[in-house]
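# Report on the structure
Residue-level listing of the chains:
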Amino acid sequence: MTKIQLPAYETVALVLQGGGALGSYQAGVYQGLEEAGIMPNWFCGISIGALNAAILAGNAPEKRLERLTEFWDTICSSALFPDWAVDDRFAPSLGSGDIRSAASAFSAVRALFEGQRGFYKMRFPPPFVVAGGGPAGTSYYDTTPLKETLERLVDFDRINSREVRVSVGAVDVETGNFVYFDNANRVLKPEHFMASGALPPGFPAVEIEGRHYWDGGLLSNTPLIEVLQHLPRRDTLAFQVDLWSARGPLPKNIFDVAERQKDIQYSSRTRQATDVSLEIQKLRRTVRALLQKLPEGLDNDPDVVAAKEQSCSKVNNVIHLIYRDKAFEAYHKDYEFSRLTMREHWESGLDDIRRTLAYPEWLERPDNDSGVVTHDVHRLHVKT
């Protein structure tokens, strides 16, 4: 792929939604960005997006794809059986119809009962017979293997050197408040990324400095607003990579209902967030234009000072990529960790970003009144 020379954006962000096993789609998107010579300077993620962000930010650029591959090959292996016992090399011959759907469902069941190597393992005894609370009594799986995987594949000294910015979202279990763990203002450890992906009741809450945190996707699965509204505001190009589509067909059976419910719940209205950002940015630019028309001598007026603080001339360009379901996938798609499906997700992400970057004009700085523009290759649509 031809290298792309980006305009002078202050922030180039890779924004990664949560979605479990679907997260290898994001790895494919990153591979395409790297092919084009686009190196984000801010990784912002929720849940599996936070784990991908840890791998990317915690490795030198030339090692990122290698580490991503190792991470996904690891967590897409059975926690109980060797790879040869669950070899999926025959799976492509299953096609994409009912047989493949059955194989996908079987892989999801295996993930529930076997766990995934380097990720999680089933607790025994189960939590409902454990008294006294704590991780063993409040979750079905032990995520200790994930900590070991992160410590092996991620250089946390590199993350905390602030070579690039990293932000991951989680929810305080007791207050219900959303929080971003950001290397701009704290030292990040494996626990911060694990907290972002601690989806109950499967995974236990993660304790950090006396507080307990769950998966950020419980409140907001799309961290785009954190990037666009963070102070100080900056000219931003954001690659927003979603794993759930807000749009979908009317369910035909109870299993379709379960899948559609997840799609709606976890899509988190990225387009709505972008629309709100557009309106706010338009207002800020209008305020700035009005301030330039005021007579001299009002610089110290409290209302003028307040208006200056809210005014802005920055631009936001959002490149939106959304995973599209395969025909064989169902409500268990977020915990179907077969290597075959993982590779298909990865290839889908790579294909989508290559198609997107075939329109290099989409990467230009917005020149409209609002200063905000979004692009989505699946819709070939531009908002202004």
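Quick note: structure is the one above.
Anyway, here's the lowdown on the structure attached to this text. Along every chain, residues carry numbers that run from 1 in the direction the sequence is written. Under the rules for a predicted model, residues below a pLDDT of 70 receive no local features and side-chain atom pairs below 80 are neither given nor counted, while totals for whole chains, interfaces and linings still include all residues. Here the side-chain values reflect all heavy atoms present in the structure, with hydrogen atoms and water set aside.

## A short note on a nonpolar patch on the surface
Each patch is built from residues that are more than 30% exposed by relative accessible area and take part in no salt bridge. Like charges join if they lie within 9 Å; nonpolar side chains (Val, Leu, Ile, Met, Phe, Trp, Tyr) join within 5 Å. Reported accessibility uses the Shrake-Rupley method at a 1.4 Å probe radius. Residues are deemed covered only where the shown protein chains occlude them. Salt bridges are defined by distance alone: a side-chain nitrogen of Lys or Arg within 4 Å of a carboxyl oxygen of Asp or Glu. On the surface, Val-109, Leu-112, Phe-113 and Met-122 cluster together to form a nonpolar patch covering roughly 360 Å² of accessible area. Sorting elements by how many residues they give to the nonpolar patch places helix α4 (residues 98-114) first, with 3 residues. By definition, any uninterrupted DSSP run of H or I lasting at least four residues is a helix, any uninterrupted run of E lasting at least two residues is a strand, and each is numbered from the N terminus. Take Met-122: it is sitting in strand β3 (residues 121-122).

## Concerning the packing of helix α1 (residues 24-35) against helix α13 (residues 339-357)
One way to put it is that α1 packs onto α13 with a least axis distance of 6 Å and a crossing angle of 40°. Considering the angle they form, α1 stands oblique to α13. Taken as a pair, α1 and α13 cross one another with a handedness that is right-handed. Residues Ser-24, Tyr-25, Ala-27, Gly-28, Val-29, Gln-31, Gly-32, Leu-33 and Glu-35 of α1 lie in contact with α13, whose contacting residues are Met-342, His-345, Trp-346, Ser-348, Gly-349, Leu-350, Asp-352, Ile-353, Arg-354 and Leu-357. Each residue gets one of three labels, nonpolar for Ala, Val, Leu, Ile, Met, Phe, Trp, Tyr, Cys and Pro, charged for Asp, Glu, Lys and Arg, and polar for the others, Gly among them. Class assignment for the residues of the contact of α1 with α13 results in 9 nonpolar, 7 polar and 3 charged. Between the N-to-C directions of two axes lies an angle of 0 to 180 degrees, each axis being a line fitted to C-alpha atoms and, for a helix, fitted only over the stretch in contact. Orientation is classified from the angle alone, with under 35 degrees giving roughly parallel, over 145 giving roughly antiparallel, 65 to 115 giving roughly perpendicular, and any other angle giving oblique. A clockwise turn of the near helix away from the far one marks a right-handed crossing, whereas an anticlockwise turn of less than a right angle marks a left-handed crossing. Only heavy atoms matter for contacts: two residues are in contact if any of them lie within 4.5 Å across the pair.

## A look at helix α3 (residues 64-75)
Turn by turn, an α-helix covers 3.6 residues, leaving residues three or four places apart pointing in a common direction. Take the number of residues in a helix, subtract one, and multiply by 1.5 Å to get its expected span. For α3, spanning 12 residues, the distance from its first C-alpha to its last is 17 Å, which sits close to the expected 16 Å at 1.5 Å a residue. Taken as a whole, α3 has its buried residues at Arg-64, Leu-68, Phe-71, Trp-72, Thr-74 and Ile-75. Seen end-on, α3 carries its buried residues on one side only, within an arc spanning 160°. Each element contacted by the buried residues of α3 is listed here: α1, β2 (42-46), α2 (48-57), α6 (144-153) and α13. A simple rule labels every residue: compare its accessible area, found with a 1.4 Å probe on the protein chains alone, to the largest value its type can have, and call it buried under 20%, exposed over 50%, or partly exposed in between. To obtain the arc, one takes the directions from the helix axis to the C-beta atoms.

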